[in-house]
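Close look at the chain arrangement
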Amino acid sequence: MQTIVIVGGGAGGLELATRLGDSAGKAGRARVLLVDRWPAHFWKPLLHTVASGKRDPHVTQVDYAAQACEHGFEFVRGEVTGVDRSARCITLAPLLADDGAELVPARSLAYDKLVLALGSVTNFFGVPGASEHVLTLDDVPQAEAFRQRFMDGCLQASSRNAASGGAEQTVDIVIVGGGATGVELAAELSHSARTLARYKVHALDPQRDVRIRILERGSLLLPHLHPRLSKRAARHLRSLGIKVFTDTAVASVSAHEVRDTEGSCYPSTITLWAAGVEAPAICASFGLQVNRLRQIVVEPSLKALGDAHIYAIGDCASFVCPIRGTVPPRAQAAHQQAMFLAEVLACDGQTKAPVFAYRDYGSLVSLGPLAAVGMLRGAVGERKMQVGGALARVLYALMYRKHLMALHGFVRMAAQTVVDWIQDKLSPSVKLH
Ligand SMILES: Cc1cc2nc3c(=O)[nH]c(=O)nc-3n(C[C@H](O)[C@H](O)[C@H](O)COP(=O)(O)OP(=O)(O)OC[C@H]3O[C@@H](n4cnc5c(N)ncnc54)[C@H](O)[C@@H]3O)c2cc1C
């Protein structure tokens, strides 16, 4: 029986482990192991809702051990620190307790097939001060750190206002990058600031005192969408009081301000960097071919170039489809690659020359709880359809439901949807502590 080790339980890796466990794992045809540094999975496209306080990640996450038990695979918790390709094993760092005590020593795990699904990290493009002074939305702890800083900032400004008899104190949020992550976060934050004021958590005027700015290097927000949708999104953000600065390239970041290449300064209580991603540094240490973003270059079968035992999927993989071009680092690409590889690996290589073909179904960007914009492709042939407003928001919400369905099946996804709806009605609309 061959051992298939999947490293990274994100959008691609967890779905692959679930499918492969259900097919080859339960039938005893393969031992499937999933390795991740965290004990639970949180779907990355929802991280901005954790940062804004709208979502409690501990309620939404999927526990790897429970998922493994139900779906015929094994879960190993640990951070992968290296791959020994000649011995065909991976090494895991020791598992430490919060106080630094060693719980589990460093280990190694042997594989017959290894799937790297390590995701991506923020790309700071070498901008001075960025890596030291900004927050990112790379994982749940970062998103929670942002939420805490946002709440603290509001409380501090509010109490200073009270102490100084109403002198204007502001919370300045600078978001670098006007792509989907920056736009979605800005819209959610604006709603959270209003909700916190309604709950009287702070006594700020959310429109005047919580100043949200987006700095975008290009001439339009959401450059991957049609310019009409970009302009619509910008109008919506401005109506929420968010300031959008396009054609603004960041030159440096310090603790309390962001400076652009023209010399303008933007005061900042919190700076969030959402200007692009690259593969984690470890991807360049395996001796495999990588591109300039450190993504592992893969063949059409998703095998890493030059190693028949290693595959890569999702954000950490670079695949240029001969017909449709470069596969973007998106959840839908990770999902499609997981489905493809689950079939290939379940057949144990008996499929003749499998070729992955990416299909772009479009893109939806949330503009807060009630609106979204986006472009759908493939509903009628290859035609593109622009969508906006409440309908787009409903379609956007369905993306996460689709992910849940891939992990749990229709019945459990439907039950979870009802539970989430009730939970939404019963709890405050922003996490308060
Ligand atoms: C705020 C935000 C909004 C987004 N919105 C959208 C959207 O609307 N639509 C869309 O298609 N995409 C969206 N994306 C992109 C999408 O989230 C990613 O493309 C997708 O999650 C990639 O899946 P993945 O499996 O490659 O990696 P991930 O989902 O990032 O998973 C990687 C996993 O690897 C684990 N890992 C990493 N390194 C190690 C290590 N050394 N050892 C052990 N485990 C490790 C991590 O813990 C993680 O669980 C968004 C991203 C963000 C941040």
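Each chain has its residues counted from 1, running along the sequence as written. This being a predicted model, a pLDDT of at least 70 is required before a residue's local features are given, and a value of 80 or more before pairs of side-chain atoms are given or counted; all residues contribute to the totals for chains, interfaces and linings. Side-chain descriptors were evaluated using all non-hydrogen atoms of the structure, hydrogens and water having been removed beforehand.

Turning to the side chain of Ser318, a few remarks are in order. Strands here mean DSSP runs of E at least two residues long; helices mean DSSP runs of H or I at least four residues long; both are numbered from the N terminus. Residue position: Ser318 is located in strand β23 (residues 317-318). Side-chain polar atoms of Ser318 contact the side chain of Asn291, separated by 3.4 Å. Here, residues are in contact when the closest pair of their heavy atoms is within 4.5 Å. Apart from the residues lying within four places of it in its own chain, the contact partners of Ser318 are Asn291, Gln295, Ile296, Val297 and Val298. Counted as a polar contact is a pair of N or O atoms within 3.5 Å, where, for protein atoms, one must be capable of donating a hydrogen and the other of accepting one, and residues adjacent in sequence contribute only when both atoms are in side chains.

What follows deals with the domain arrangement of the protein chain. Residue ranges assigned to the domains are those given by an automatic or database domain assignment. Segmenting the protein chain into domains produces domain 1 (2-120 + 279-347), domain 2 (130-273) and domain 3 (362-426). Here the C-alpha centroids of domain 1 and domain 2 sit 32 Å apart. Each partner contributes residues to the interface: domain 1 has 14 residues there, and domain 2 has 14 residues. Between domain 1 and domain 2, a total of about 1200 Å² is buried, with carbon and sulfur atoms accounting for 67% of that surface. Salt bridges are counted wherever a side-chain nitrogen of Lys or Arg sits within 4 Å of a carboxyl oxygen of Asp or Glu. Where domain 1 meets domain 2, there are 1 salt bridge. Among the salt bridges present, the one from Lys54 reaches Glu188, with a minimum N-O distance of 3.7 Å. Run the count over domain 1 and domain 2 and you get 2 residue pairs in polar contact (both at pLDDT 80 or more). Accessible area, probed at 1.4 Å, shrinks when two parts are joined; the buried area is that loss added up over both.

Here the focus is the sheet that holds strand β5 (residues 74-77). If DSSP finds at least two bridges between two strands, the strands pair. Pairing within the open sheet is parallel, and its 5 strands lie in the order β5-β2-β1-β11-β22. The open sheet has two free edges, formed respectively by β5 and β22 (310-312), since each of these has just one partner strand. This sheet shows a mean twist of 20 degrees between the axes of neighbouring strands, independent of strand direction. Where strand β1 (residues 2-7) lies against strand β2 (residues 30-36), 6 bridges are found, and the strand directions are parallel. Considered in β2, the bridge of Val7 is made with Val35. Convention adopted: a line fitted to C-alpha atoms gives each axis, helices being fitted over their contacting stretch, and angles between N-to-C directions are expressed from 0 to 180 degrees. Its contacts with the sheet put helix α4 (residues 64-71) on β2 and β5, and the angle it makes with β5 is roughly 160 degrees.

All right, on to the pairing of strand β16 (residues 250-253) then. Inspection of the sheet shows β16 paired to strand β17 (residues 257-260) by 3 bridges, in the antiparallel sense. Among the inter-strand pairings, Val250 is bridged to a residue of β17, identified as Asp260. Once β16 ends, the chain turns through 3 residues before running back antiparallel as β17.

This brings us to the sheet that holds β16. Taking strand neighbours across the sheet as the criterion, the 3 strands line up as β16-β17-β18 in an open arrangement whose pairing is antiparallel. The strands lining the two open edges of the sheet, one partner per strand, are β16 and β18 (265-267). Ignoring strand direction, the axes of neighbouring strands in this sheet form an average angle of 25 degrees.

Right, let's talk about the side chain of Gln337 for a bit. Within the fold, Gln337 resides in helix α10 (residues 331-346). With near-sequence residues (within four places) excluded, Gln337 lies in contact with Leu302, Ile313, Gly314, Val327 and Phe356.

As a further point, take the pattern of salt bridges. When charged atoms on two side chains of opposite charge get close, those side chains can pair. Here the structure, examined in full by the defined rule, presents 15 salt bridges. Among the ionic pairs, Asp307 bridges to Arg85, the shortest N-O distance being 2.8 Å. Here Arg85 lies in the loop between β6 (80-84) and β7 (89-92) and Asp307 lies in the loop between β21 (296-297) and β22, a separation of 222 residues in the sequence. When its relative accessible area of 9% is taken as the criterion, Asp307 is described as buried. Using a relative accessible area of 27% as the deciding quantity, one classes Arg85 as partly exposed. Overlapping salt bridges, with partners in common, bring together Asp172, Arg211 and Arg213 in one network. A 1.4 Å probe rolled over the protein chains alone gives each residue an accessible area, and that area as a share of the maximum for its type sets the label: buried under 20%, exposed over 50%, partly exposed in between.

Contact geometry for helix α6 (residues 140-163) and helix α7 (residues 180-198): axes closest at 12 Å, N-to-C directions at 40 degrees. On the basis of their axis angle, the class for α6 and α7 is oblique. In this structure, the crossing between α6 and α7 has a hand that is right-handed. Listed contacts from α7 to Phe146, Phe150 and Met151 of α6 are Leu185, Leu189, Ser192, Ala193 and Leu196. Oblique is the label for any angle not covered by the other classes, which are roughly parallel (under 35 degrees), roughly antiparallel (over 145) and roughly perpendicular (65 to 115). Put simply, a crossing is left-handed when the front helix is turned counterclockwise from the back one by less than a right angle, and right-handed when it is turned clockwise.

So, about the site of the ligand. What surrounds the ligand is a group of 29 residues, the closest being Gly12, Asp36, Val80, Asp315 and Ala331. Here an oxygen atom of the ligand sits 3.3 Å away from a polar atom, N or O, in the main chain of Arg330. Here the ligand, which alone exposes 1000 Å², has 89% of that area covered by the protein. We call a residue near a molecule or strand when any one of its heavy atoms sits within 4 Å of it. Only the protein chains shown count as cover for residues, and all accessible areas are computed by the Shrake-Rupley method using a 1.4 Å probe.

Buried residues of nine kinds, namely Ala, Val, Leu, Ile, Met, Phe, Trp, Tyr and Cys, make up a nonpolar core once their side-chain atoms join them within 4.5 Å. By size, the foremost hydrophobic cluster in this structure holds 57 residues, and its most contacted members are Ile90 and Leu116. At 8 residues, α10 tops the list of elements feeding residues into this core. In terms of nonpolar packing, the next biggest core, distinct from the first, is built from 53 residues, Ala11, Phe150, Ala193 and Ala274 among them.

Take the packing of helix α11 (residues 389-408) against helix α12 (residues 410-426) next. Packing of α11 against α12 brings their axes to within 7 Å, and their N-to-C directions diverge by 135 degrees. One way to sum up the angle between α11 and α12 is to call them oblique. Read as a crossing pair, α11 and α12 show a hand that is right-handed. The segment α11 lies against α12, with Arg401, Leu404, Met405 and His408 engaging Phe410, Arg412, Met413, Gln416, Thr417 and Asp420. A class-by-class count of the residues in the contact of α11 with α12 yields 4 nonpolar, 3 polar and 3 charged. Amino acids are sorted into nonpolar (Ala, Val, Leu, Ile, Met, Phe, Trp, Tyr, Cys and Pro), charged (Asp, Glu, Lys and Arg) and polar (every other residue, Gly among them).

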